[in-house]
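This is what each chain is made of:
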Amino acid sequence: MSSAVVIPAAGLGLRLGGETPKAFREVGGDSLLVHAVRGLKAATAADLVCFVVAVPPGSEETVGKELTPYVGDARLIVVAGGAERPASVRAALDVVPIDGIDCILVHDAARAFVPADAIERVVAAVRAGAEAVVPVVPVTDTIKRVGPTGDVVDTPDRSTLVAVQTPQGFAPDVLRRAHAAGADAAVTDDAMMCERIGVTVRTVEGSPDAFKVTRPQDLLLAEALLAERRIS
């Protein structure tokens, strides 16, 4: 059996600034999207045979030409995404092949530098029987829960908290069922959609390198990480 990956890359990424959508901002001469695809392809044990990328409407042909050199012999499908992340994932999910796929990954292009072993852990867990899997790292900050006036309500036990990354992995029928159930503004990832239909979400070890490029300073961190990898 083989895996497919859905990459929602239609968002503007306003917190990052600039006029270029976040997935197409460059680090080291290549877009975050190219780095993400390259990293996924390096996870050979994942057996990725299909990449489906949701992009801003009108850019499908351009992005397809940009990504083709990096997917090797895998199938590449580029579709128009939606205004919000769930809509982009659904648009991509609609064209993921059904036959021969035992795991679907959903990956944010903004997490462009995930190591191959983290990706492979997610896929291995799905193939071992988990219906939904997320890579996680421990929370190092003290977290406060606040009320509507900004006052602290309580302080959760940090030992029970983790930060969730991507790619997230799913049994194909589970992910399709979760999206068929719909999403509202409170939904922040596909694992949350699975939780809402009663699916148990399993965690595996993530990586500090899988940070999300969100703000301008994250681009500096990405440049430093890429330079370090090229030296090593």
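Residues numbered from 1 in each chain as written. Predicted model: local features only at pLDDT ≥ 70, side-chain atom pairs only at ≥ 80, totals over all residues. Heavy atoms only, no water.

### Here we look at helix α3 (residues 85-93)
Count 3.6 residues to each turn of an α-helix, and residues three or four apart come out pointing the same way. Those residues of α3 lying buried are P86, S88, V89, A92 and L93. Down the axis of α3, the buried side of the element spans an arc of 160°, and every buried residue falls inside it. Contacts from the buried residues of α3 go to β1 (2-8), β4 (48-55), β5 (75-80), β6 (101-106), α5 (172-180) and α6 (190-196). (Buried < 20%, exposed > 50% of the residue type's maximum accessible area, 1.4 Å probe, protein only. Helix = DSSP H or I, 4+ residues; strand = E, 2+ residues; numbered from the N terminus. Arc of directions from axis to C-beta. Contact = heavy atoms within 4.5 Å.)

### Notes on the side chain of D190
Following the sequence through the fold, D190 ends up in helix α6. Separated by 2.6 Å, the side chains of D190 and H179 make a polar contact. Those residues within four positions of D190 in sequence are excluded, and the remaining contacts are R85, V89, V106, Q168, F170, L175 and H179. (Polar contact = N/O pair within 3.5 Å; in protein donor to acceptor, adjacent residues only side chain to side chain.)

### Comments concerning the layout of surface pockets
Quantified by volume, the second largest pocket comes out at close to 170 Å³. Around the second largest pocket, the lining residues are H35, R38, G39, A42, A112, F113, V114, P115, A116, L226 and R229. Elements supplying a minimum of two residues to the lining of the second largest pocket: α1 (32-42) and α7 (216-231). The dominant element in the lining of the second largest pocket, judged by the number of residues it contributes, is α1, at four residues. Here the residues of the lining of the second largest pocket are counted per class, giving seven nonpolar, two polar and two charged. (1 Å grid on protein atoms, 1.4 Å probe; cavity = no way out; pocket = protein on both sides within 12 Å on 5 of 7 lines; lining within 4 Å. Points joined across faces, edges and corners; volume = space filled by probe spheres on them. Nonpolar A, V, L, I, M, F, W, Y, C, P; charged D, E, K, R; others polar.)

### Some details on the environment of A43
Looking at the element boundaries, A43 is found in the loop between α1 and β4. Taking C-alpha positions, A43 is 9.8 Å from R121, a pair spaced 78 residues apart along the chain. Those residues within four positions of A43 in sequence are excluded, and the remaining contacts are A116, I119 and E120.

### A short note on the nonpolar core
Of all hydrophobic cores here, the largest spans 34 residues; its most connected members are I7, L33, L40, F51 and L105. Contributions of two or more residues to this core are made by β1, α1, β4, α2 (60-67), β6 and α4 (116-127). By residue number, the principal contributor to this core is α4, which donates six residues. Contacts of L40, omitting those with residues within four sequence positions, involve V5, I7, L48, F51, L105, H107 and I119. Formed by 24 residues, the second largest nonpolar core is a distinct cluster that contains A4, A92, A171 and V199. (Core = buried A, V, L, I, M, F, W, Y, C linked by side-chain atoms within 4.5 Å.)

### Focus: the UniProt feature "site: Transition state stabilizer" (unreviewed entry) in the protein
As recorded in UniProt, the sites labelled "site: Transition state stabilizer" (unreviewed entry) are R15 and K22. Within the element layout of this structure, K22 appears in the loop between β1 and β2 (26-27). Classification of K22 by relative accessible area gives buried; the value is 14%. (UniProt positions renumbered as here; feature names shortened; annotations may be inferred.)

### A short note on the UniProt feature "site: Positions MEP for the nucleophilic attack" (unreviewed entry) in the protein
The sites that carry the UniProt feature "site: Positions MEP for the nucleophilic attack" (unreviewed entry) are, in the present numbering, R158 and K212. Counting through the fold element by element, R158 comes out in the loop between β9 (152-154) and β10 (162-164). Setting aside chain neighbours within four positions, we find R158 in contact with V139, T140, D141 and T142. Take K212: it is sitting in the loop between β12 (201-205) and α7. Each residue touching K212, except ones within four places of it in the same chain, is listed here: K22, A110, R111 and D218.

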